[in-house]
Amino acid sequence: MKKIILKGRPIVEGKARGEALVSSTPLNLLKGVDVNTGRIIEEGHDLRGAVVTGKILCFPHGRGSTVGSYTLYTLAKRGRAPKAIVNELADPVVVVGAIIGSIPMVDHIDLTKIRSSDIVEVDGEAGTVTVFRRI
Amino acid sequence: MVYLTKDEERALDGEYGWAIQVAMRILVKLGDLFKADRLIPIHSAHISGVSYKTLGDAATEFLEELAASGVKVKAPATLNPAAFDLERPQLMRLTEHRLNAQKRILRLYEDLGVKQTLSCTPYYISKPPRNVHLSWAESSAVVYANSVLGSWTNREGGPSALASAIIGATPNYGMHRPEEREGKVMVTVDADLRSEEKFGVLGIHLGKLLGDEIPVIQGLKSPKERELKQLGAALASSGMVSRFILSQKSSSLPQEKISVGERDLKNSLSDISSEVEKPDLVFIGCPHCSYSEIKEIASILYGKKVREDVRLWVCTSRHVKRTSKEYVEIIERAGGKVLCDTCIIVSWIEEAGIDSLLTNSAKTAYYAPNMNRVEVSLASLRECVEKACES
């Protein structure tokens, strides 16, 4: 097992460990995620069809309507939220969503260092992302 | 780090309850992110995310929890348009489910103490003074406030404007700091901008080039208020611009330069406007009409009749409709409809039998093909209204 520690910026406190779901495409939270199933439905998105529930969701940043923040709140309330969020650059839509959904969040992370299905630990106070990879 | 007073710290620690804590957390986190030094009191908040079409069910649940906590807004707060005219819900032909979902959202905002202005031009209802701090969402109103009114606001989103309304303050960064309000790009316009929709086309063109940079625009010959409104709304649609400047002391003119000619505007026009032979709808009122626009529409329509095969819709706030009653009567007698509380972008006009429209708003032309799946053609207010009439 290889262990890589990535140092980023703490955004929303809390710790989580889970399987990474990594995208290289900005995500539209309002139009792109189904709040009932946690499934990504945005057309043309590289994670289309994947389910964010219980995952460490890694994507560059959000895009689109600011009311997309509320999507993360409702996902959390329905038990469909990701366990944590890792961004390259936090933007207000995702940050506000993570706050109201109480989802740990870290940014300033180079996402090319994380692969989908890696086991990842996010520390929202220290601002670190630890990647565990089988080799 | 954002410096907090003892009282703000207590709010952040949850001493005043969940709702105030979550609102304070939003403001402090955004403040940290954008390197604000402290929170500053606001004169008013304007909240977007009102129409059920843009808000959806997710937000409703958050608003429900806020309202259930009993919290009320601390700063005067106004609302963006909803999905239908409260007094004429049948015009938009919404399903029962959508009507009820929209009514529920409006009740929740009312419970929170937010005024049901339902307009994207809150400045026609109550004009904020110069040099006051605002927390406004609705990008067209943000540009108008910073550029035309001389008030100060960042480009807020629905949730951050709501949080500001609850706390009565906003983090001090960006447009709230004098040094960040200065022009960054010098724009020279060498083109004949005869009517307001041309200003909109200029805005669409510049927005793409500027991103979030503030332009100093030269070459506009004594533009009218409505032309600046169209320019700002368009700048904020294709770009992230929060302010434009028409004059700046020559000692501080920016180095970076852009020049715009007729050809650039022609290209941008053809990007957003298509040939529409017979529009299903002629639409004026994005952003919502002022008193003087309503008056002008009435003067063009006076003694004429709107054709049977086209709808003429004029959107404004209930306040402006009330104050321009005599002109509204002329428009409606001619067969037009003056709608309040709503706008076509945030409703489902494509399901009301509308496939094509003619408008004077470049912002509408920019959004409607995607938001409403309709074809759009752009023309001046006068041309739009005349086209709606029998020849």
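Residues numbered from 1 in each chain as written. Chains lettered and ligands numbered in written order. Predicted model: local features only at pLDDT ≥ 70, side-chain atom pairs only at ≥ 80, totals over all residues.

Help me understand the overall build of chain B, please; the structure alone is not making it clear to me.
If you tally the helices and strands in chain B, you get 14 helices and 14 strands. By its C-alpha atoms, chain B is 70 × 55 × 35 Å across when sized along the principal axes. Counting over 391 residues, chain B shows a buried share of 53%. Nonlocal contacts in chain B, meaning residues at least 24 apart in sequence, comprise 79% of its contacts between residues at least 6 apart. (Helix = DSSP H or I, 4+ residues; strand = E, 2+ residues; numbered from the N terminus. Buried ≥ 20, exposed ≤ 12 C-beta atoms within 10 Å, placed from the backbone. Contact = placed C-beta atoms within 7 Å.)

Which parts of the structure should I look at to understand the domain arrangement of chain B?
Residue and element names in this part refer to chain B. Partitioning chain B into structural domains gives domain 1 (6–178), domain 2 (182–271) and domain 3 (281–388). At the interface, eleven residues of domain 1 touch twelve residues of domain 2. Per-class residue counts for the side of domain 1 that touches domain 2 are five nonpolar, five polar and one charged. (Domains from an automatic or database assignment. Nonpolar A, V, L, I, M, F, W, Y, C, P; charged D, E, K, R; others polar.)

What am I meant to see in the interface of chain A and chain B here?
One widely used convention gives an interface's size as the accessible area the parts lose upon coming together. Contact residues are listed per partner, giving 18 residues for chain A and 20 residues for chain B. Put simply, the parts of the chain that give the side of chain A that touches chain B at least two residues each are α2 (69–77) and α3 (92–100) of chain A. Of the residues that constitute the side of chain A that touches chain B, the class distribution is twelve nonpolar, five polar and one charged.

When you look at the packing of helix α10 (residues 291–301) of chain B against helix α12 (residues 325–333) of chain B in this model, what are you seeing that I'm missing?
A pair of packed helices can be characterised by two numbers: the angle between their axes and the separation between those axes. Residues and elements named next belong to chain B. α12 packs onto α10 with a crossing angle of 40 degrees between their chain directions and a minimal axis gap of 9 Å. One finds that α10 runs oblique with respect to α12. Once α10 is placed against α12, the crossing between them reads as left-handed. Across from I294, K295, I297, A298 and L301 in α10, the residues of α12 making contact are Y327, V328, I330 and I331. Split by residue class, the contact of α10 with α12 holds eight nonpolar, no polar and one charged. (Axes fitted to C-alpha atoms, helices over the stretch in contact; angles between N-to-C directions. Parallel < 35°, antiparallel > 145°, perpendicular 65-115°, else oblique. Left-handed = near helix turned anticlockwise from the far one by under 90°.)

How should helix α6 (residues 158–167) of chain B be read in this particular structure?
For the α-helix, the turn length of 3.6 residues means that residues three or four positions removed from each other point alike. Residue and element names in this part refer to chain B. Counting buried residues along α6, ten of its ten residues qualify, which places the element largely inside the surrounding structure. Within the span of α6, buried status applies to G158, P159, S160, A161, L162, A163, S164, A165, I166 and I167. Of the residues trailing α6, G168 is marked for its positive phi of about 85 degrees.

How do you make sense of the nonpolar core when you look at a structure like this?
The tendency in soluble globular proteins is for nonpolar side chains to be buried side by side. By size, the foremost hydrophobic cluster in this structure holds 166 residues, and its most contacted members are A98 of chain A together with L27, I47, A165, V314 and I331 of chain B. Non-local contacts of A98 of chain A, meaning those with residues more than four positions away in its chain, are made with I11, V12, L72, I85, I103 and M105 of chain A. (Core = buried A, V, L, I, M, F, W, Y, C linked by C-beta atoms within 7 Å.)

Would you mind going over helix α5 (residues 139–149) of chain B with me for this structure?
Residues and elements named next belong to chain B. Counting buried residues in α5 gives nine out of eleven residues, a clear majority hidden from the surface. Among the residues of α5, those classed as buried are S139, S140, A141, V142, V143, Y144, A145, N146 and S147. Each element contacted by the buried residues of α5 is listed here: β2 (44–47), β4 (133–136), β5 (152–153), α8 (225–238) and α13 (362–371). One or two residues past the end of α5 sits G150, with phi positive at roughly 75 degrees.

I keep staring at the sheet that holds β2 of chain B and nothing clicks. Help me out?
Residue and element names in this part refer to chain B. Pairing within the open sheet is parallel, and its four strands lie in the order β3-β2-β4-β5. The strands lining the two open edges of the sheet, one partner per strand, are β3 (77–79) and β5. Across two bridges, the pairing between β4 and β5 is parallel. From the neighbouring strand, L134 faces β5, where its bridge partner is T153. α6 contacts β2, β3 and β4 of the sheet and is inclined by roughly 150 degrees relative to β2. (Pairing = 2+ DSSP bridges.)

Whenever I open this one, the environment of R311 of chain B confuses me. Can you help?
Residue and element names in this part refer to chain B. Along the chain, R311 turns up in strand β11 (residues 311–316). Its 21 C-beta neighbours within 10 Å are what place R311 among the buried residues. Separated by 56 residues in sequence, R311 and Y367 have C-alpha atoms that sit 20 Å apart. Excluding residues that lie within four positions of it along the chain, R311 makes contacts with D280 and L281.

Would you mind showing me how to read the packing of helix α7 (residues 196–210) of chain B against helix α9 (residues 262–272) of chain B here?
All names here are of chain B. The geometry of α7 relative to α9 is characterised by a closest axis approach of 9 Å and an angle of 90 degrees between their N-to-C directions. Taken together, the axis directions place α7 and α9 in an arrangement best described as roughly perpendicular. Here α7 contributes K198, V201, L202, I204 and H205 to the contact with α9, which in turn contributes D264, L265, S268, L269 and I272. Taken together, the residues that form the contact of α7 with α9 break down as six nonpolar, two polar and two charged.

Explain the environment of K198 of chain B to me, please; I cannot follow it from the model alone.
Residues and elements named next belong to chain B. Along the chain, K198 falls in helix α7. Taking the number of C-beta atoms within 10 Å as the measure of exposure, K198 has 21 and is therefore buried. Put simply, K198 and A19 are 179 residues apart on the chain and 45 Å apart in space, counted from C-alpha to C-alpha. Filtering out sequence-adjacent residues up to four positions away, K198 remains in contact with L193 and L265.

How should I be thinking about unusual backbone geometry in this particular structure?
Negative phi is the rule for most residues except glycine; trans is the rule for most peptide bonds. All names here are of chain B. In this structure, P287 follows C286 across a cis peptide bond, with omega equal to -10 degrees. Along the chain, P287 turns up in the loop between β10 (281–284) and α10. Of note in this structure, N131 is not a glycine but carries a positive phi near 60 degrees. Within the element layout of this structure, N131 appears in the loop between α4 (96–111) and β4. Accessibility expressed as a C-beta count within 10 Å gives 11 for N131, which makes it exposed.

Explain the sheet that holds strand β2 (residues 9–12) of chain A here, please?
The strands making up a sheet associate through hydrogen bonds between their backbones, and the pairing can be parallel or antiparallel. All names here are of chain A. The sheet built from eight strands is open, its strands ordered β1-β10-β9-β3-β5-β7-β8-β2 with mixed pairing. Of all strands in the sheet, those with a lone pairing partner are β1 (2–7) and β2, marking the two edges. Here the strands of the sheet are splayed against their neighbours by 30 degrees on average, with no regard to which way each runs. Note that strand β7 (residues 84–87) and strand β8 (residues 105–107) share two bridges and pair parallel. Bridging from a neighbouring strand, V86 pairs with V106 of β8. Where α3 meets the sheet, it contacts β2, β7 and β8, and its direction lies at approximately 60 degrees from that of β2.

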